Amino acid sequence: MKKFNLFKEIIVVQRNDFLHALNANRKFAITYEGKIVYEPFTPDLISIYEGSIPPLSPLSPSLSRPINDILGKEYRIVEDDDRILIKASGAWQSIIGLNRIRALYDDTSADGIDKFSDKALEEIGWHATEFHIPYRDIVEQFEKECEGILLCIEQEEPYQFSGLGFLFDLNQARNVAYSYCADIIKSKLANDDEFSTLSDDEEEAVTFFQAAE
């Protein structure tokens with residue numbers, strides 16, 4: 001997975017596309033890649049802004065408005081010839097609200113990751129907890145082996161992190177998660193005395209992962 005750290009990244013939008021969206025009187029989104037898309041939004045959208053810009057009132061004292069004020073004070077905008085450069089880290093809380101429903105996992109709270117939005121992955125994660133395999137460990141496999149985006153804010157001093165995870169190939173992610181958990185459970189069954197006898201839920205997890213083979 002690629003980490004897209006909004007503290008560091010600048011989203012580049014083509015000026016003509018941006019101006020067209022402002023004047024379209026339609027709800028639009030700006031993706032993390034700098035593309036502008038219009039409603040209806042697809043389930044794989046990863047956005048840094050969603051909204052519509054109301055037209056200026058005929059009674060407005062000015063017939064124009066500064067581009068750097070249009071998206072709101074949380075966004076920093078710089079005009080660069082035919083490009084609009086956007087820094088969006090200040091809008092992180094709004095961005096969480098826009099994207100949480102579309103993310104595979106949510107790592108924005110101090111409680112960490114406790115579920116996957118994909119039903120099949122959630123079943124894997126739920127069974128894996130019977131053998132003390134946390135969601136975070138599974139996510140680390142995604143971040144090493146899978147294609148996707150970790151949309152986040154991260155800084156070193158003082159350390160701060162908050163992120164949402166998106167995977168581009170769910171079938172790959174399911175295979176990665178299943179194999180990883182099955183291997184760990186097989187090892188624990190062979191080497192960990194805690195699992196010399198199993199509860200009903202642990203037996204169910206072993207059956208799910210076929211880990212007793």
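The notes below deal with the structure included here. No experiment lies behind these values; they were computed from the predicted model shown.

Points about helix 1 (residues 15-23)
Inference 1: Along helix 1, the residues classified as buried are Phe18, Ala21 and Leu22. Viewed end-on, helix 1 has its buried residues packed into an arc of 100°, placing them on one side of the element. Pointing more than 90 degrees away from the buried face of helix 1 are the exposed residues Asn16, His20 and Asn23.
Inference 2: Elements in contact with the buried residues of helix 1: strand 2 (11-14), strand 3 (28-31), strand 4 (36-38), strand 6 (76-80) and strand 7 (83-87).
Inference 3: Where helix 1 ends, the next residue or the one after it, Asn25, has phi of about 55°, a positive value.

Some remarks on the pairing of strand 6
Inference 1: For strand 6 and strand 7, the ladder comprises five bridges, and the chain directions are antiparallel. Its bridge partner being in strand 7, Asp80 is matched across the sheet by Arg83.
Inference 2: Connecting the antiparallel pair strand 6 and strand 7 is a turn made up of two residues, with Asp81 showing a positive phi of about 55°.

Looking at the environment of Ile67
Inference 1: Residue placement: Ile67 occurs in the loop between strand 5 (47-51) and strand 6.
Inference 2: Put simply, Ile67 and Asp82 are 15 residues apart on the chain and 13 Å apart in space, counted from C-alpha to C-alpha.
Inference 3: If we ignore the near neighbours within four places in the chain, the residues touching Ile67 are Arg15, Phe18, Leu19, Ile77, Glu79 and Ile84.

As for the packing of aromatic side chains
Inference 1: What the rule picks out here adds up to nine aromatic pairs.
Inference 2: Chaining the aromatic ring pairs together yields one cluster made of Phe28, Tyr49 and Tyr75.

With respect to the packing of helix 4 (residues 135-145) against helix 5 (residues 170-191)
Inference 1: The geometry of helix 4 relative to helix 5 is characterised by a closest axis approach of 10 Å and an angle of 130° between their N-to-C directions. Between helix 4 and helix 5, the interaxial angle falls into the category oblique. The hand of the helix 4/helix 5 crossing is right-handed. Contact residues: helix 4 offers Asp137, Ile138, Gln141, Phe142 and Glu145, while helix 5 offers Gln172, Ala173, Val176, Ala177, Tyr180 and Cys181.
Inference 2: Of the residues contributing to the contact of helix 4 with helix 5, the split by class is seven nonpolar, two polar and two charged.

Describing the packing of helix 3 (residues 119-128) against helix 6 (residues 200-209)
Inference 1: Look at helix 3 against helix 6: their axes get within 9 Å of each other, and the N-to-C directions meet at 135°. In terms of axis orientation, helix 3 runs oblique to helix 6. Here the hand of the crossing between helix 3 and helix 6 comes out left-handed. Here helix 3 contributes Glu123, Ile124, Trp126, His127 and Ala128 to the contact with helix 6, which in turn contributes Glu204, Ala205, Phe208 and Phe209.

Definitions and limits used
Each chain carries its own residue numbering, running from 1 in the written order of its sequence. Totals for whole chains, interfaces and linings use every residue, but because this is a predicted model, local features are given only for residues with pLDDT of at least 70 and side-chain atom pairs only at 80 or more, for both listing and counting. Side-chain measures here rest on the full set of heavy atoms in the structure, leaving out hydrogens and waters. Whether a residue is buried, partly exposed or exposed follows from its accessible area with a 1.4 Å probe, protein chains only, as a fraction of its type maximum: under 20%, in between, or over 50%, in that order. Each helix is a run of H or I in the DSSP string that is no shorter than four residues. Each strand is a run of E no shorter than two, and both are numbered from the N terminus. Note that the arc is defined by the directions from the helix axis to the C-beta atoms. In this description, contact between two residues means that some pair of their heavy atoms is separated by no more than 4.5 Å. In this scheme, strands are said to pair when DSSP sees at least two bridges between them. Two aromatic rings from Phe, Tyr or Trp, using only the six-membered ring of Trp, form a pair when their centres are within 6.5 Å; if the ring planes differ by under 30 degrees the pair is stacked, by over 60 it is edge-to-face, and anything between is tilted. Helix axes are fitted only over the stretch in contact, all axes being lines through C-alpha atoms; the angle between N-to-C directions runs from 0 to 180 degrees. An angle below 35 degrees is treated as roughly parallel, one above 145 as roughly antiparallel, one from 65 to 115 as roughly perpendicular, and anything else as oblique. Should the near helix be turned anticlockwise from the far one by less than a right angle, the crossing is termed left-handed; should it be turned clockwise, right-handed. Under the scheme applied here, ten amino acids are nonpolar (Ala, Val, Leu, Ile, Met, Phe, Trp, Tyr, Cys and Pro), four are charged (Asp, Glu, Lys and Arg), and all others, including Gly, are polar.

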